[in-house]
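Chain by chain, the residues run as shown.
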Amino acid sequence: MKLMSGNSNLSLAQSVADYLDIKLTDASVKRFADDEIFVEIHENVRGEDVFIMQSTSFPANDNLMELLIGIDALRRASAKRITAVIPYFGYARQDRKPGPRTPISAKLVANLITEAGADRVLSIDLHAGQIQGFFDIPTDNLYGAPVMSADIQARFAGHELMVISPDVGGVVRARALAKRLDNAPLAIVDKRRERAGESEVMNIIGDVSGRFCILIDDIVDSGGTLCNAADALKAKGATEVVAYITHGVLSGGAVARINDSCLKELVITDSIGATDAVKDSDKIRHLTMAPLLGEAIKRIADETSVSSLFD
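Let us look at the structure shown here. (Residues numbered from 1 in each chain as written. Predicted model: local features only at pLDDT ≥ 70, side-chain atom pairs only at ≥ 80, totals over all residues. Heavy atoms only, no water.)

## Some details on the packing of aromatic side chains
Step number 1: Scanning the entire structure with this criterion turns up three aromatic pairs.
Step number 2: Each ring, one from Phe156 and one from Phe212, has its centre 4.9 Å from the other, and the planes form 40 degrees; the classification is tilted. In this pair, Phe156 sits in helix α4 (residues 145–156) while Phe212 sits in strand β11 (residues 212–220), placing the two residues 56 residues apart along the sequence.
Step number 3: Residue Phe156 is classed as buried on the basis of its relative accessible area, which comes to 6%. (Phe/Tyr/Trp six-rings, centres within 6.5 Å; stacked < 30°, edge-to-face > 60°. Helix = DSSP H or I, 4+ residues; strand = E, 2+ residues; numbered from the N terminus. Buried < 20%, exposed > 50% of the residue type's maximum accessible area, 1.4 Å probe, protein only.)

## What to know about the packing of helix α1 (residues 10–20) against helix α9 (residues 290–302)
Step number 1: Here α1 crosses α9 at 55 degrees, and the two axes come no closer than 8 Å. Overall, the two elements α1 and α9 adopt an arrangement that is oblique. The handedness of the crossing between α1 and α9 comes out as right-handed. Residue-level inspection shows Leu12, Ser15, Val16, Tyr19 and Leu20 of α1 in contact with α9, the latter providing Ala290, Pro291, Leu293, Gly294, Glu295, Ile297 and Lys298.
Step number 2: Looking at side-chain class alone, the contact of α1 with α9 contains eight nonpolar, two polar and two charged residues. (Axes fitted to C-alpha atoms, helices over the stretch in contact; angles between N-to-C directions. Parallel < 35°, antiparallel > 145°, perpendicular 65-115°, else oblique. Left-handed = near helix turned anticlockwise from the far one by under 90°. Contact = heavy atoms within 4.5 Å. Nonpolar A, V, L, I, M, F, W, Y, C, P; charged D, E, K, R; others polar.)

## Structural notes on the side chain of Glu66
Step number 1: If you trace the backbone, Glu66 turns up in helix α2 (residues 60–76).
Step number 2: Here Glu66 falls in the buried class, since its relative accessible area comes to 5%.
Step number 3: Here Asn7 takes part through its backbone nitrogen, which lies 3.0 Å from a polar atom of the side chain of Glu66.
Step number 4: The contacts of Glu66, once residues within four sequence positions are left out, are Gly6, Asn7, Val29, Arg31, Ile37, Val39 and Gln54. (Polar contact = N/O pair within 3.5 Å; in protein donor to acceptor, adjacent residues only side chain to side chain.)

## Observations concerning the sheet that holds strand β4 (residues 49–53)
Step number 1: The parallel open sheet is built from five strands, whose spatial order is β1-β4-β5-β6-β7. Sheet topology places β1 (2–5) and β7 (139–142) at the edges, where each strand pairs with a single neighbour. Sheet twist, expressed as the mean angle between neighbouring strand axes with direction ignored, is 20 degrees.
Step number 2: Pairing between strand β6 (residues 120–124) and β7: four bridges, direction parallel. From the neighbouring strand, Ile124 faces β7, where its bridge partner is Leu142.
Step number 3: Packing of α1 onto the sheet brings it into contact with β1 and β4, and relative to β1 it is tilted by some 170 degrees. (Pairing = 2+ DSSP bridges.)

## Description of the nonpolar core
A general tendency of soluble globular proteins is for nonpolar side chains to be buried together.
Step number 1: Judged by nonpolar contacts, the single largest core of 31 residues is most densely connected at Ile71, Leu74, Ala84, Phe89, Ile113, Ile131 and Phe135.
Step number 2: Residue assignment for this core shows that the elements contributing at least two residues are β3 (37–41), β4, α2, β5 (81–86) and α3 (105–116).
Step number 3: Filtering out sequence-adjacent residues up to four positions away, Leu74 remains in contact with Met4, Ile41, Val45, Val50, Ile52, Ala79 and Ile82.
Step number 4: Counting 28 residues, the second largest nonpolar core, distinct from the first, contains Val189, Ala232, Val255 and Leu266. (Core = buried A, V, L, I, M, F, W, Y, C linked by side-chain atoms within 4.5 Å.)

## Observations concerning unusual backbone geometry
Step number 1: A cis geometry characterises the amide bond from Phe58 onward to Pro59, with omega recorded as -5 degrees.
Step number 2: Tracing the backbone through its elements, the reader meets Pro59 in the loop between β4 and α2.
Step number 3: Phi at Ser78 is positive, roughly 70 degrees, even though this residue is not glycine.
Step number 4: As for its position among the elements, Ser78 is in the loop between α2 and β5.

## Regarding the pairing of β6
Step number 1: Of all five residues making up β6, five are buried, and the element is well covered by its neighbours.
Step number 2: Relative to β6, β5 runs parallel, the two being bridged by four bridges. Residue pairing in the sheet places Ala84 in a bridge with Val121 of β6.
Step number 3: One crossover worth recording links β5 to the parallel β6 by way of α3, and it is right-handed. (Right-handed = clockwise from strand over helix to strand, strands pointing away.)

## Examining the pattern of salt bridges
Step number 1: Considering all chains together, one arrives at 19 salt bridges under this definition.
Step number 2: Linking Lys2 and Glu43 is a salt bridge whose minimum nitrogen-to-oxygen distance equals 2.7 Å. You can see Lys2 sitting in strand β1 and its partner Glu43 sitting in the loop between β3 and β4, a full 41 residues away along the chain.
Step number 3: Among the residues examined, Lys2 registers a relative accessible area of 17% and is labelled buried.
Step number 4: Glu43 gets classed as partly exposed once you look at its relative accessible area, which sits at 30%. (Salt bridge = Lys/Arg side-chain N within 4 Å of Asp/Glu carboxyl O.)

Structure representation (structure tokens):
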């Protein structure tokens, strides 16, 4: 087994390598003068089971091309099997046609990864479960809920916990977390989105008065939905609001918005490399996915069950 990494999240790749007690494959990613990407592998991978790790986060197109070119380099170097480990799968929010004459970009990216030569895909908390069906190769979707629930129980045991879904579409995710928290009660934020990137909280479905609220979602981008939801929950009598989000995209002024909000804390995973602004924020904390990813990679290499990780 070999583990190779692109440039999107080297710290996570190194943590996974440490968990597996192996060294990262010696490879380099270079840029030509016109910013074309060139990947070179400096050790033999012929006949090897190779895992290439790369989140397609900002800059999404550069990181995606690094992944595709890295897969092609491995295929042409005669790797036996290539698994694309994509902790954060970009373009996942474009998983359907929201209107006429619009693309389904998640399917296009799935096709690109498959055609580049990947034999299987490993990801964490895909935005929509059906994206697994966009790939014509085996796809494992890991869940952040076990890591998050363990952290919640360790830090907030004894509080009157209530799990909150920030929209109707996230109810399944919120219910799964609530079940892990000794069947904590569940509430839903009813929001109306007038245009992309903007949201307005309309109502809270459920009684949150006197509750320590845990907002759960897969992606935080602009932070508007989270901050509006936190304001609405506090207005309805919630004692504190903490958000647990798998993928901290945090684009634009999101970090400043989080810092100025009534959120007690935002907890994100390291599926996306942290910017300086994220590292400097007192309200943002990281959970590592390295042990979960490392164990999944080990089980794939050993041909044992990955789904049993969540039993």
